[in-house]
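Chain by chain, the residues run as shown.
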Amino acid sequence: KALLEEDLLDEVNFLVEYPTAFLADFDQIYLKLPKEVIITTMVNNQKYFPVVAIDNTLLNYFIGVRCGNDQFLDNVIKGNQKVLKARLEDAVFFYNEDLKKPLLELRDKLDKVIYQEKLGSVGEKIDRIKILSKYIADKLEYQDENIELAASLAKMDLATHMVYEFPELQGIMGYYYALEEGYHREVALSILEHYKPVAAGDMVPSSDLGIIIALSDKIDTLTSIVKAGLIPKGSQDPYGLRRIALGIIRIIIENQKHISIKDLLVKSQSNLPELEDQKLDFYLDFLMVRFRSYMEKEGLSYDLIDSILALEFDDLYTLYLKAIALKKYSSDKGFIDLINL
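Conventions and cut-offs
- Residues numbered from 1 in each chain as written.
- Predicted model: local features only at pLDDT ≥ 70, side-chain atom pairs only at ≥ 80, totals over all residues.
- Heavy atoms only, no water.
- Helix = DSSP H or I, 4+ residues; strand = E, 2+ residues; numbered from the N terminus.
- Buried < 20%, exposed > 50% of the residue type's maximum accessible area, 1.4 Å probe, protein only.
- Contact = heavy atoms within 4.5 Å.
- Areas by Shrake-Rupley, 256 points an atom, 1.4 Å probe, with all protein chains shown as cover.
- Lys, Arg positive; Asp, Glu negative; His and termini not counted.
- Charge placed at Lys NZ, Arg CZ, Asp CG, Glu CD.
- Salt bridge = Lys/Arg side-chain N within 4 Å of Asp/Glu carboxyl O.
- Core = buried A, V, L, I, M, F, W, Y, C linked by side-chain atoms within 4.5 Å.
- Pairing = 2+ DSSP bridges.
- Phe/Tyr/Trp six-rings, centres within 6.5 Å; stacked < 30°, edge-to-face > 60°.
- Axes fitted to C-alpha atoms, helices over the stretch in contact; angles between N-to-C directions.

**Points about the overall build of the protein chain**
Line of reasoning, step 1. Tallying secondary structure elements over the protein chain gives 16 helices and five strands in all.
Line of reasoning, step 2. Taken over the C-alpha atoms alone, the protein chain extends approximately 80 × 50 × 35 Å along its principal axes.
Line of reasoning, step 3. The buried share of the protein chain, reckoned over its 341 residues, is 47%.
Line of reasoning, step 4. Considering only contacts in the protein chain between residues 6 or more positions apart, those separated by 24 or more positions represent 66%.
Line of reasoning, step 5. Accessible surface computed for the protein chain: about 18,000 Å², of which carbon and sulfur atoms make up 52%.
Line of reasoning, step 6. Side-chain charges in the protein chain split into 40 positive and 55 negative, and the spacing between the mean points of these groups amounts to 1 Å.

**Brief notes about the pattern of salt bridges**
Line of reasoning, step 1. Counted by the stated rule, this structure contains 17 salt bridges.
Line of reasoning, step 2. Between E97 and K100 there is a salt bridge, with its nearest N and O atoms 2.6 Å apart.
Line of reasoning, step 3. E97 gets classed as partly exposed once you look at its relative accessible area, which sits at 24%.
Line of reasoning, step 4. The salt bridge partner of K134 is E148, with a shortest N-O separation of 3.9 Å. Linking K134 in helix α5 (residues 122–139) with E148 in helix α6 (residues 147–153), this pair joins segments that are 14 residues apart in sequence.
Line of reasoning, step 5. On the basis of relative accessibility, which here comes to 38%, the residue K134 falls in the partly exposed class.
Line of reasoning, step 6. One connected set of salt bridges, linked through shared partners, spans K125, R128, K155, D217 and D220.

**A closer look at the nonpolar core**
Side chains of a nonpolar character, in soluble globular proteins, are inclined to be buried together.
Line of reasoning, step 1. Counting residues in hydrophobic clusters, the biggest one holds 100 residues, and the most contacted among them are M162, L222, I261 and F291.
Line of reasoning, step 2. Broken down by element, this core gets its largest block of residues, ten residues, from helix α10 (residues 208–227).
Line of reasoning, step 3. Those residues in contact with M162, other than ones at most four positions away along the chain, are V37, A91, F94, Y95, D98, L169, M173 and Y177.

**Describing helix α2 (residues 35–45)**
Line of reasoning, step 1. Inspection of α2 places V37, I38, I39, T40, T41, M42 and V43 among the buried residues, and these make up the whole buried set.
Line of reasoning, step 2. Buried residues along α2 sit in contact with α1 (6–15), β2 (49–52), β3 (58–67), α3 (73–99), α7 (161–165) and α8 (172–180).
Line of reasoning, step 3. Positioned one or two residues after α2, K47 has a phi angle of 60°, which is positive.

**So, the pairing of β3**
Line of reasoning, step 1. Taking every second residue as pointing to the same face, the buried face of β3 carries L58, N60, F62, G64 and R66, while none of L59, Y61, I63, V65 and C67 on the other face is buried.
Line of reasoning, step 2. Pairing geometry for strand β1 (residues 19–25) and β3, over seven bridges, is antiparallel. Bridging across to β3, L23 finds its partner in I63.
Line of reasoning, step 3. Where β2 lies against β3, three bridges are found, and the strand directions are antiparallel. Among the inter-strand pairings, P50 is bridged to a residue of β3, identified as F62.
Line of reasoning, step 4. Counting the residues in the hairpin turn of β2 and β3 gives five residues, including N56, whose phi is positive at 70°.

**Concerning helix α9 (residues 185–193)**
Line of reasoning, step 1. V187, A188, L189, S190, I191 and E193 are the residues of α9 that are buried.
Line of reasoning, step 2. Along its buried surface, α9 packs onto α6, α8 and α10.

**Things to note about the packing of aromatic side chains**
Line of reasoning, step 1. Considering all chains together, one arrives at nine aromatic pairs under this definition.
Line of reasoning, step 2. Taking 5.2 Å as the distance between ring centres and 70° as the angle between the ring planes, the aromatic pair formed by Y175 and Y176 counts as edge-to-face.
Line of reasoning, step 3. Classification of Y175 as buried rests on a relative accessible area of 13%.
Line of reasoning, step 4. Arranged with centres 6.5 Å apart and planes meeting at 55°, the rings of Y294 and Y320 form a pair that is tilted. Of this pair, Y294 sits in helix α13 (residues 280–297) while Y320 sits in helix α15 (residues 316–333); the two residues are 26 residues apart in sequence, bridging distant segments of the chain. For the pair shown, Y294 and Y320 are each scored as buried.
Line of reasoning, step 5. Clustering of aromatic rings is evident, with ring pairs tying together F282, Y283 and F286.

**A look at the sheet that holds β3**
Line of reasoning, step 1. The strand order β1-β3-β2 describes an open sheet built from three strands, whose pairing is antiparallel. What marks the edges here is a single partner per strand, and that holds for β1 and β2. Averaged over all pairs of adjacent strands, the angle between strand axes in this sheet comes to 30°, irrespective of strand direction.

**Let's talk about unusual backbone geometry**
Line of reasoning, step 1. Residues K196 and P197 are joined by a peptide bond in cis, for which omega reads -5°.
Line of reasoning, step 2. One can find P197 in the loop between α9 and α10.
Line of reasoning, step 3. A positive phi is found at K47, a non-glycine position, where the angle reads about 60°.
Line of reasoning, step 4. Here K47 shows up in the loop between α2 and β2.
Line of reasoning, step 5. The backbone of F72 sits at a positive phi, close to 55°, despite the residue not being glycine.
Line of reasoning, step 6. Examined against the element boundaries, F72 turns out to sit in the loop between β3 and α3.
Line of reasoning, step 7. Residue class for F72 comes out exposed when judged on its relative accessible area of 61%.

As structure tokens, this is what we get:
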């Protein structure tokens, strides 16, 4: 079956006036590449639709769409196969080059990449993630000797050839390269998961290391960008802080973690450069708006949410549990009985 991504389908639909679809193949040798590399090459560069088996295993076929009838379609197919082969050859080259240098040896490159003018380099951000990750692990009473290693590796693939060519593969390539280097699968998985959730509907990280690194990264991004004075205004949110705030909330609640959001914010601010601290109430109000939105999508009424938010806004999972319990009891017994408890 073809992978018919809605965005790509719309784009191709608007690119052609007289569409004619064709099926073509490519050499199976390229299936040795991570499937995300092949799919990204086909979808983003060539506007092809990848083909998978019933079990979603990627096959060496693709569906293209030409603008015109089926006249000389064989020549069109050969031309598209030639172009895709060149693209995949580039991907093979990038992949093999990246494997020549261990991920941890790429740190020097990231020390030269500016994260934000007032906040230093990506390397400095990695150091902050390491500190915050160990702090969160202690708070969650999670002990793993790989925490610092996972935090150190999380952003390393940003300096690889493949991610430079395909930025959307950040985290994904780090996962594959870490496995190739022989790191424990949970360490590799934390590299992949720490960017999640990327968008609405995306899954949150589920592994312990992934949860810790993801929280550390997102909390640091939120506090550092705000501390640099880049507060979202109106529809302008270039760093996606609203999405990141919702991601923090979802990670904590959907993984059922009891942790003080106040402690995390204070600790994160203490790791940042000597810039003026933003008041804690600002972050709590910012997160509270996202928390309200999340609870509304869970089917909770405005009055019920207001009653929960009247409590201390700190342990988000506890607040969530109280809201769910209140919803269940009020629907079963009525608020009158609840008041008389």
